[in-house]
Amino acid sequence: MDFALTPEQTSFREEVRSWLAKNLPKDWSDRMRVGSDVPRPEVYDFLRKWQRKMYEAGFMGLTWPKDYGGRGLTFMEEMILQEQIALAKAPPVLNILAIGMAGPTIIAYGTEEQKRRYPAKMLSCEEIWCQGYSEPNSGSDLASLQTRAEKVGDHYVVNGQKVWTSIAHQADWMMLLARTDTKADKHKGITYFLLDMHSPGVTVKPLKQITGDDEFSEVYFDNVKVPEANILGGLNNGWAVGMTTLMYERLALGFGLQVRLRIALDGLVDLAKRTKKNGAPATQDPNVRQKLAQLWIDTEVFKYTGARAITKLLKGELPGPEASAGKMMWVEGHQRLQELAMELQGPYAQLGRGSQWAVDGGVWQYSFLRSRANSIEGGTTEIQKNIIGERVLGLPKG
Amino acid sequence: MNFGFNEEQELLRSTARKFFDNECASVTVRKLMDGPEGMTPDLWKKMAEQGWTGLIFAEEHGGMGLGFVDLVVLMEEMGRAVVPGPFFSTVLLGGLAVREAGTDVQKKAWLPKISSGEARATLAWMEPSAEMGARGITLQATAKGAGFQLSGTKLFVHDAHTADVIVVAARTSSGRNPEDGVSLFLVPKGTPGMSVTLLPTMDQTRKLCEVGLKDVVLGAEALMGQAGSGWAPLARVIDRATVALCAEMCGGAQKVLEMTVEYAKIRQAFGRPIGSYQGVKHKAADMLVDVENSKSITYYAAWAMDEGVPEGQLAVSMAKAYVSDAYRRVSGAGIQLHGGIGFTWEHDLHLYFKRAKGSEFTFGDATWHRERVAQLVNL
């Protein structure tokens, strides 16, 4: 057991640190405000440029093979990078669905042509990706999805609807799960397609969320043509491919979420120090101290549980269902953090963007509301618990 | 970075697992906990023969010279088997106090005997105030000739009734800073004026005593290190013992999880295994998260002890706060998911549940450690 870095890793950390210090826009944290959790629509353009800059500096796709635009490094470097990003409070990666899910899945299942075509443009943010999994009648029971793709000549014709599709209105490509065999068992008739969002017949209708923003959308497919060459991982093999994506999602989340939790916690501590309670900073209130300390502990615990998972990966093991535990923990911790942020503000928590009285311009209210999605998106907490119960603990299916 | 155990450590784990399966199965645990000593000479000897009583002590003192990451592996296995007896008090309290505070002469006198299993030791630091900090040390030690005279009461002393020597924390002077003026003394069994009373405890696998000292006269050779500067080594001992306790708690929690999952697979209700119901399955998933997180932060704290990193205290407090809550939740959920059978004396769950509760209050509960975290991170 050793948490120390090698000289190479130390110099990599210094490289990242000094690059961030030099290149991070000074007004970034003011614009986004501390504690904000998710890219808001108004900063998409900024985030696109930021990711491009990170890419040009060689900090995107560290663990991806060099042939496909990556740097061929290990998860250790990725973790170091993420830690420095947190310490510097740098912006999140906009094309996260591509980097965290689509890219690794294409690298795992793609043809050589696909691997050369897509991943590099994900890293540079030239092409933004979204995820076409959930449907109005298929959420947790994803395998019941009904969007259909029928073979016509050398292409497939897609009809149906997806929903809760994050950044669909910005996306150039979609990871699409569609039914290609209606007679087969529900898990066996699904195919994974790489769908061009600019194809005729694709309609994106933004959905207004409880935050008031429309960060995600409904996506309609009306006779959308997808070339056969855009199947990933083989016909009717989409369930296995899609599940790989989800494992990578939770793995990527493991790195990214820890960073986001740390940034949010630092913001919360700062808020608590600025907030007066009974005439003194709220951090002197024993109850607040207990809650803050518990969040601090949980954030660190999350980091070390993640480090144990990385150790497994470094030994060559694949990301497994254990990643569900990390996702679940983060959700619980982050929602509790956002609740505490509201509690600290008291009646001011009610005031939102646009009010001069709103604390930090109302950003806490936004991130509080946004955090309600955390236990739903990327697999609900209930589904994560089923996965842990069945696939880690070996309990029987219901 | 490598957050895993090496081959030797994995070997230690499997050796210890087999050893306790054979030598300290639950039927033995129950016999031992019913007796006043919590141990048999035979089992003690066998544990010593494995080298475990000397695991963390230097080779020059008859030990194996291993670290806390190694110790964690053994402690997890001991917690898994809820091993009763004075191992913890001898090695992690009395022995470690001698190592951290003793003079060369004292170390030579006691550590080889502790390592070989010949002597048992403990540490008497807490008093009826149950105060965790240095302020709690009020037992008076006044100069008497070339030595000292001690009077006062120590409480919650592990295995004092079977210890050959007790390290007693006393106050030799009082100043503005309560950490100044604390001194540690070696008090051998049978010293006139010292009385030991075994207390009835909820967790019968862990024996606690009251130690009374009435005009106990000690020679200068009983003083450990410099008079008045005993708090720093005492705090180091408590931090390290806390990490070992956390590891023991992790092992116990892991076992409760396994027992519960096995039961949920076979116990039928409404024609199905209860583990197929989400009400049960989801609770089991929560238990797993608690167990895995407990291990992560405990392993990190053990590493921090071995490396002497500046954030060592923070690591200890994060671990104890987290694991105290987690083991309580896990052992409670274990009983709940077993239903009525889990509430019986016959079933082993109560051994774990009571150990969890006792451990929660040993070396500071979660609330105390959260406050220490708050202080250490400048909240």
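Residues numbered from 1 in each chain as written. Chains lettered and ligands numbered in written order. Predicted model: local features only at pLDDT ≥ 70, side-chain atom pairs only at ≥ 80, totals over all residues.

1. Focus: the overall build of chain B
A count of helices and strands for chain B gives 11 helices and 10 strands. Relative to the 2.2 N^0.38 estimate, which gives 21 Å for 379 residues, the radius of gyration of chain B is 21 Å and therefore close to what a compact globule would have. Based on the C-alpha atoms only, the size of chain B along its principal axes is roughly 80 × 50 × 40 Å. Burial analysis of chain B (379 residues in total) assigns 56% to the buried set. Residue pairs in contact within chain B that sit at least 24 positions apart in sequence constitute 75% of those at least 6 positions apart. (Helix = DSSP H or I, 4+ residues; strand = E, 2+ residues; numbered from the N terminus. Rg over C-alpha atoms; globule rule 2.2 N^0.38 Å. Buried ≥ 20, exposed ≤ 12 C-beta atoms within 10 Å, placed from the backbone. Contact = placed C-beta atoms within 7 Å.)

2. What to know about the overall build of chain A
On a plain count of helices and strands, chain A comes out with 12 helices and 10 strands. Projected onto its principal axes, the C-alpha positions of chain A cover 75 × 50 × 45 Å. Counting only residues that meet the buried cut, chain A has 48% of its 398 residues in that class. Pairs at least 24 residues apart make up 71% of the contacts formed inside chain A by residues separated by at least 6 positions.

3. Details of the environment of Glu343 of chain A
Residue and element names in this part refer to chain A. Among the secondary structure elements, Glu343 is positioned in helix α10 (residues 323-345). On the neighbour-count criterion, Glu343 (14 C-beta atoms within 10 Å) is partly exposed. Expressed as a C-alpha distance, the spacing of Glu343 and Val288, which sit 55 residues apart in the sequence, is 9.6 Å.

4. Observations regarding the domain arrangement of chain B
Many analyses report the size of an interface as the accessible area lost when the parts associate. Residue and element names in this part refer to chain B. Domain annotation for chain B reports domain 1 (7-120), domain 2 (122-228) and domain 3 (232-376). Centre-to-centre, using C-alpha coordinates, domain 1 lies 21 Å away from domain 3. Listed as interface residues are 20 residues of domain 1 and, on the opposing side, 25 residues of domain 3. Contributions of two or more residues to the side of domain 1 that touches domain 3 are made by α2 (26-34), α4 (68-80) and α5 (87-101). A total of 10 residues in the side of domain 1 that touches domain 3 trace back to one element, the largest contributor, which is α4. A class-by-class count of the residues in the side of domain 1 that touches domain 3 yields 13 nonpolar, three polar and four charged. (Domains from an automatic or database assignment. Nonpolar A, V, L, I, M, F, W, Y, C, P; charged D, E, K, R; others polar.)

5. Description of the interface of chain B and chain A
Contacts between the two partners involve 37 residues from chain B and, on the opposite side, 35 residues from chain A. Considering each element in turn, the side of chain B that touches chain A owes the most residues, 14 residues, to helix α8 (residues 278-307) of chain B.

6. Notes on unusual backbone geometry
Residue and element names in this part refer to chain A. Phi at Cys125 is positive, roughly 70 degrees, even though this residue is not glycine. Among the structural elements, Cys125 can be located in the loop between α7 (119-123) and β1 (129-132). Positioned with a positive phi, Asp360 is a non-glycine residue whose angle comes to about 50 degrees. Summarising the element assignment, Asp360 is placed in the loop between α10 and α11 (363-371). For Asp360, a count of 20 C-beta atoms within 10 Å translates into the label buried.

7. Considering helix α1 (residues 7-23) of chain B
Residues and elements named next belong to chain B. Its 17 residues give α1 an end-to-end C-alpha distance of 24 Å, which sits within 8% of 24 Å, the value for a rise of 1.5 Å per residue. Within the sequence span of α1, burial applies to Leu12, Ala16, Phe19 and Phe20. Buried residues of α1, seen end-on, are gathered within an arc of 90 degrees and therefore sit on one face of the element. Of the exposed residues in α1, those oriented more than 90 degrees away from the buried face are Glu7, Glu10, Leu11, Ser14, Lys18, Asp21 and Asn22. Of the surrounding secondary structure, the elements contacted by the buried residues of α1 are α4. (Expected span 1.5 Å × (residues − 1). Arc of directions from axis to C-beta.)

8. Structural notes on the packing of α10 of chain A against helix α12 (residues 381-392) of chain A
All names here are of chain A. Where α10 contacts α12, the two axes come as close as 9 Å, and the packing angle between them is 145 degrees. Crossing handedness for the pair α10 and α12: left-handed. Between α10 and α12, the contacting residues are Ser324, Ala325, Lys327, Met328 and Val331 on the first element and Thr381, Gln384, Lys385, Ile387 and Ile388 on the second. Grouping the amino acids of the contact of α10 with α12 by side-chain chemistry returns five nonpolar, three polar and two charged. (Axes fitted to C-alpha atoms, helices over the stretch in contact; angles between N-to-C directions. Left-handed = near helix turned anticlockwise from the far one by under 90°.)

9. Thoughts on the pairing of strand β5 (residues 190-196) of chain A
On a regular strand, each side chain points to the face opposite its neighbour's, so the side chains alternate between the two faces of the sheet. All names here are of chain A. The buried fraction of β5 is high, at six of seven residues. Here strand β4 (residues 173-179) runs beside β5; their pairing, made up of seven bridges, is antiparallel. Considered in β5, the bridge of Leu177 is made with Tyr192. Relative to strand β8 (residues 231-232), β5 runs antiparallel, the two being bridged by two bridges. Among the inter-strand pairings, Tyr192 is bridged to a residue of β8, identified as Leu232. (Pairing = 2+ DSSP bridges.)

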